[in-house]
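Below, each chain spelled out in residue letters.
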Amino acid sequence: MKTSIAVVGGTGAEGSGLALRFAGAGRPVRIGSRSAEKAQEAARRIGGNCSGHTNADAVSDAGIVVLTVPLAAQIETLKAIRASMAPGAILVDATVPLEIAIGGRISRTLTLWDGSAAQQAARMLPGVPIVAAFHAMSAEALAHLDHPLDCDTLICGDNAEAKAAVSELAALIPGVRAIDAGPLDNARLLETSAALLISLNLRHKVKHSGMRITGLPVGAGA
Ligand SMILES: NC(=O)c1ccc[n+]([C@@H]2O[C@H](COP(=O)([O-])OP(=O)(O)OC[C@H]3O[C@@H](n4cnc5c(N)ncnc54)[C@H](OP(=O)(O)O)[C@@H]3O)[C@@H](O)[C@H]2O)c1
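Basis of the calculations
- Residues numbered from 1 in each chain as written.
- Predicted model: local features only at pLDDT ≥ 70, side-chain atom pairs only at ≥ 80, totals over all residues.
- Heavy atoms only, no water.
- Near = heavy atom within 4 Å.
- Polar contact = N/O pair within 3.5 Å; in protein donor to acceptor, adjacent residues only side chain to side chain.
- Areas by Shrake-Rupley, 256 points an atom, 1.4 Å probe, with all protein chains shown as cover.
- Helix = DSSP H or I, 4+ residues; strand = E, 2+ residues; numbered from the N terminus.
- Nonpolar A, V, L, I, M, F, W, Y, C, P; charged D, E, K, R; others polar.
- Phe/Tyr/Trp six-rings, centres within 6.5 Å; stacked < 30°, edge-to-face > 60°.
- Buried < 20%, exposed > 50% of the residue type's maximum accessible area, 1.4 Å probe, protein only.
- Contact = heavy atoms within 4.5 Å.
- Core = buried A, V, L, I, M, F, W, Y, C linked by side-chain atoms within 4.5 Å.
- Salt bridge = Lys/Arg side-chain N within 4 Å of Asp/Glu carboxyl O.
- Arc of directions from axis to C-beta.
- Pairing = 2+ DSSP bridges.
- Axes fitted to C-alpha atoms, helices over the stretch in contact; angles between N-to-C directions.

A word on the site of the ligand
Item 1. Lining the immediate surroundings of the ligand are 21 residues, of which Thr11, Glu14, Ser33, Lys38 and Val69 lie closest.
Item 2. The contact in question runs from an oxygen atom of the ligand to an N or O atom on the side chain of Arg34, over 2.9 Å.
Item 3. Here an oxygen atom of the ligand and a side-chain polar atom of Lys38 are 2.6 Å apart.
Item 4. Here the ligand has 880 Å² of accessible area as a free molecule, and 74% of this is covered by the chains.
Item 5. Elements supplying a minimum of two residues to the shell around the ligand: α1 (13–24) and α4 (71–81).
Item 6. Taken together, the residues that form the shell around the ligand break down as 9 nonpolar, 8 polar and 4 charged.

Quick notes on the packing of aromatic side chains
Item 1. The full count for this structure, using the stated rule, is 1 aromatic pair.
Item 2. Aromatic side chains Phe22 and Phe134 sit 6.2 Å apart centroid to centroid with 50 degrees between the ring planes, which places their arrangement in the tilted category. In this pair, Phe22 is assigned in helix α1 and Phe134 in the loop between β6 (130–132) and α6 (139–142), connecting sequence segments 112 residues apart. For the pair Phe22 and Phe134, one class covers both residues: buried.

With respect to the environment of Thr11
Item 1. Summarising the element assignment, Thr11 is placed in the loop between β1 (5–8) and α1.
Item 2. Each C-alpha atom of the pair Thr11 and Ser33 lies 6.5 Å from the other, and the pair is 22 residues apart in sequence.
Item 3. Non-local contacts of Thr11, meaning those with residues more than four positions away in its chain, are made with Ser16, Ile31, Gly32, Ser33, Lys38, Ala39, Ala42 and Arg45.

Description of the nonpolar core
Item 1. Grouped together as the largest cluster of nonpolar side chains are 36 residues, with contacts concentrated most on Phe22, Ile31, Val66, Phe134 and Met137.
Item 2. The contacts of Met137, once residues within four sequence positions are left out, are Glu14, Leu18, Leu142, Leu149, Cys151, Thr153, Ile173 and Val176.
Item 3. Judged by nonpolar contacts, the second largest core, of 25 residues, contains Val65, Met124, Cys156 and Leu190.

What about the pattern of salt bridges?
Item 1. All told, the structure shown has 9 salt bridges when counted by the stated rule.
Item 2. Measuring nitrogen to oxygen at the nearest pair gives 3.8 Å for the salt bridge that ties Arg108 to Glu99.
Item 3. What makes Arg108 partly exposed here is its relative accessible area of 42%.
Item 4. Judged by relative accessible area, which is 17%, Glu99 ranks as buried.
Item 5. In this structure, Asp180 and Lys163 form a salt bridge, with 2.8 Å as the shortest nitrogen-oxygen distance.

Quick look at helix α2 (residues 36–46)
Three- or four-residue spacings in an α-helix give side chains the same orientation, since the helix completes a turn every 3.6 residues.
Item 1. Looking at α2, one finds that the buried residues are Ala36, Ala39, Ala42, Ala43 and Ile46. For α2, the angular spread of buried residues about the axis comes to 125 degrees, placing them on one side. Counted as exposed and oriented over 90 degrees from the buried face of α2: Glu37, Arg44 and Arg45.
Item 2. Elements in contact with the buried residues of α2: α1, β2 (29–33) and β3 (50–54).

Thoughts on α4
Item 1. Of all the positions in α4, only Leu71, Ala73, Gln74, Thr77, Leu78 and Ile81 are classed as buried. The arc enclosing the buried residues of α4, seen along the axis, measures out at 135 degrees, which places them on a common side. Those residues of α4 that are exposed and aimed more than 90 degrees away from the buried face are Ala72 and Glu76.
Item 2. Buried residues in α4 make contact with β1, α3 (55–60), β4 (64–67), β5 (90–93) and α5 (117–124).

Points about the side chain of Asn201
Item 1. In this fold, Asn201 is placed in helix α8 (residues 187–204).
Item 2. Among the residues examined, Asn201 registers a relative accessible area of 13% and is labelled buried.
Item 3. Residues contacting Asn201, with those up to four places away along its chain left out, are Val206, Lys207, His208 and Ser209.

Focus on the sheet that holds β2
Item 1. Strand order in this open sheet of 8 strands is β3-β2-β1-β4-β5-β6-β7-β8, and the pairing throughout is mixed. In the strand order of this sheet, the two ends are held by β3 and β8 (176–180), each with one partner. In this sheet, adjacent strand axes meet at a mean angle of 25 degrees when their direction is disregarded.
Item 2. As judged from the 2 bridges shared by β6 and strand β7 (residues 151–157), these two strands associate in the antiparallel manner. Along β7, the bridge assignment pairs Ala132 with Cys156.

Shown next, in the form of structure tokens:
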């Protein structure tokens, strides 16, 4: 598998936070954007072994592609990258299907025909291993490199090898534990739990509530 990680939508809050952490751990990161210039600017800001590209170019040389765009942009972005993805590459979907996509509230989710945003991604990319992850990882917390995160990230998918690879990716972020949360069919639970965290942030006036699962055996990761 190619060693680079592409972050599609990596100019945004969540994508640049994840890219900062992956680059900070010494991994080559390819920031993707609709604009190569915007991606290059974000890559310069992030530093490390980070480069900026159009979304399609970013994924062409990556073993793992992390998708961090709003729901309203998810399908068109997947259409823009699918022909360029490297053979065997994994897609990690972090999309939370928030009602804000149709002018509603940021603390509510929408019901999608496929069951979840991650399953929608799977429909758009047949044959590509899809892993749902990083939904409960706040962009605000990711942005502060000097602070380890204090949260678990639940990972869903139907391909064990892909889940193991994403579990290793999550472990690059200090303070994060990846937990295997079952098949892609469970992704709707991860996505709605992110809306719960947004609701907690609003209620308690913070920007980075997170989640810890207790009672699991050591090695519950994917
Ligand atoms: N923010 C968080 O704390 C957080 C936490 C967990 C999961 N998430 C999920 O991660 C995803 C990204 O969140 P975010 O807060 O980073 O979003 P964002 O900053 O609003 O957008 C991320 C990037 O997506 C691209 N984009 C935005 N609107 C687009 C459109 N209409 N068409 C095509 N591309 C568009 C833009 O990249 P270019 O202009 O460079 O193309 C933008 O920089 C969302 O699905 C969100 O639910 C967010």
